[in-house]
Amino acid sequence: MSGPTGSSGPFRIFAWTLFDFANTAFSVIIVTVIYSRYFTNHVAGGKRFFWGIAVSVSMVLAALLSPPLGAAADDSGNRKRFLLALTLVSAASTMLLSTVHAGMVAWGMALFILANIGFEGGLVFYDAFLPGLTSPSRYGRISGYGFAMGYLGALAVLLIVQATLKDAADPAYLESVRNSFLIAGGFFLVFSLPLFVWVPEPPAPPGHGRGYIREGMRKSRGTLVAIFTHPELAPLKKFLIAFFLYNDAIITVIAFAAIFAAETLRMTDADIILFFAIVQTSAILGSFLFGFITDRMGPKRTILITLAGWVGIVIGAYFVQTVGTFYVIALLAGMAIGSTQSSSRSMMALLTPENREAEFFGFYDGLCGKSSAVVGPLVYGALSDAVGDRIAVLSIGAFIIAGMFILRSVVPPPVRRPA
């Protein structure tokens with residue numbers, strides 16, 4: 001598989017990881033740290049349920065679109081075209097969030113939903129490049145490199161935003177908050193470009209390019225049936241169900257962590273940015289370290305270890321009383337996020353049939369990854385408004401434990417060695 005001049009294997013991998021570096025600007029600034037609180041407190045008048053609805057609706061739509069788009073991308077032989085379109089949609093919508101002001105709930109929700117669909121939908125095609133970049137025996141470490149670069153990008157954009165964000169008492173504070181959305185969208189767009197230049201397309205299947213959207217929809221329906229009926233795909237089915245459950249918990253943590261920090265512990269903007277800088281730093285370490293651990297121990301055992309850590313983190317969050325203790329939880333949560341996401345992507349790559357990567361990653365990132373985010377944010381948002389954040393936190397642990405229970409029964413195949 002060749003690409004532009006100079007696109008050697010290591011360079012292609014680096015260009016691929018830069019997309020992770022780019023897109024986490026959206027995740028950390030919009031979903032987690034800044035826009036989630038701006039929308040909840042300033043736009044929606046303190047009602048967290050509206051934020052839960054926005055996250056859930058965007059995930060439902062992304063979940064419905066991802067499998068047929070993934071199958072269509074495989075059939076068309078042009079994954080990068082789909083990825084570029086979704087990246088442009090997400091980056092542009094992110095920058096337009098700077099036009100959202102107090103009371104503009106519908107506009108703020110609509111732009112976020114569109115931006116999140118582009119972000120989440122793009123992950124299907126981005127992840128599907130992984131099997132073509134390296135051998136199965138190195139999926140863990142390469143996946144870990146990607147997530148580590150992603151958290152490095154998140155740390156970089158946090159530092160940029162921190163340097164531009166005014167004090168809350170400053171009359172220009174809200175304007176500086178809205179400017180952070182411009183920074184996030186521009187960061188996403190600029191650093192995503194190397195993938196489109198230097199990462200080549202996988203070889204196209206015979207007869208590609210004719211009616212591939214319709215064919216993608218047909219194949220995605222067939223894939224869904226196959227996952228739940230074919231005995232040889234039973235390990236994949238169980239893994240996807242387990243991933244659905246524990247990923248629900250992780251996405252809920254990401255969506256509501258800053259709100260929990262601000263409302264329950266009364267943390268300032270500076271405290272929250274420092275908190276997430278700690279999360280991103282430890283996530284870099286977790287992604288890098290657990291990439292090697294995954295290749296040595298196998299993704300299943302690695303995921304179970306990280307999920308056990310998540311249970312402890314949830315218990316700690318329930319009892320936390322001080323900002324200092326919350327920083328310790330942040331350190332552990334960052335390690336857990338990076339390692340869980342990295343080893344899960346490796347597990348999916350190991351279970352995916354060859355030459356159908358985008359199609360099956362469409363179900364991993366879409367049907368299971370994104371639709372899993374429907375239940376958790378709604379449950380957390382409703383419980384938080386009704387009885388407070390601490391009780392809502394416990395709902396996260398229930399999803400994690402259920403996912404662990406199902407994952408224990410998954411029997412992964414032996415690692416496929418390159419010919």
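These remarks concern the structure in this document.

Thresholds applied
- Residues numbered from 1 in each chain as written.
- Predicted model: local features only at pLDDT ≥ 70, side-chain atom pairs only at ≥ 80, totals over all residues.
- Heavy atoms only, no water.
- Helix = DSSP H or I, 4+ residues; strand = E, 2+ residues; numbered from the N terminus.
- Buried < 20%, exposed > 50% of the residue type's maximum accessible area, 1.4 Å probe, protein only.
- Areas by Shrake-Rupley, 256 points an atom, 1.4 Å probe, with all protein chains shown as cover.
- Axes fitted to C-alpha atoms, helices over the stretch in contact; angles between N-to-C directions.
- Parallel < 35°, antiparallel > 145°, perpendicular 65-115°, else oblique.
- Left-handed = near helix turned anticlockwise from the far one by under 90°.
- Nonpolar A, V, L, I, M, F, W, Y, C, P; charged D, E, K, R; others polar.
- 1 Å grid on protein atoms, 1.4 Å probe; cavity = no way out; pocket = protein on both sides within 12 Å on 5 of 7 lines; lining within 4 Å.
- Points joined across faces, edges and corners; volume = space filled by probe spheres on them.
- Polar contact = N/O pair within 3.5 Å; in protein donor to acceptor, adjacent residues only side chain to side chain.

The number of helices and strands found in the protein chain is 16 helices and zero strands. Going through the 419 residues of the protein chain one by one, you find that 58% of them count as buried. Split by element, the accessible area of the protein chain, about 16000 Å² in all, is 69% carbon and sulfur.

It is worth spelling out the packing of helix α1 (residues 9-33) against helix α7 (residues 139-164) at this point. α7 packs onto α1 with a crossing angle of 50 degrees between their chain directions and a minimal axis gap of 7 Å. As far as their axial angle goes, α7 and α1 are oblique. Here α1 and α7 pass one another in a crossing that is right-handed. A per-class count over the contact of α1 with α7 returns 19 nonpolar, five polar and one charged.

Our focus in this paragraph is empty space enclosed by the protein. Rolling a probe over the atoms, with the probe sized like a water molecule, indicates the empty space that remains. Applying the stated criterion to the full structure yields two cavities of 30 Å³ or more. For the second largest cavity, the calculated volume is near 60 Å³. Along the walls of the second largest cavity sit Ala62, Leu65, Ser66, Leu69, Leu86, Ile117, Gly121, Val124 and Phe125, which together make up its complete lining. Every element with two or more residues in the lining of the second largest cavity is listed here: α3 (48-76) and α5 (105-128). Here the residues of the lining of the second largest cavity are counted per class, giving seven nonpolar, two polar and no charged.

For Glu201, the position within the fold is in the loop between α8 (173-198) and α9 (212-229). As a C-alpha pair, Glu201 and Gly132 span 69 residues in sequence and 8.9 Å in three-dimensional space. Side-chain polar atoms of Glu201 contact the backbone nitrogen of Arg79, separated by 2.9 Å. Within the structure, the side chain of Glu201 is placed 2.6 Å from the backbone nitrogen of Lys80, a separation counted as a polar contact.

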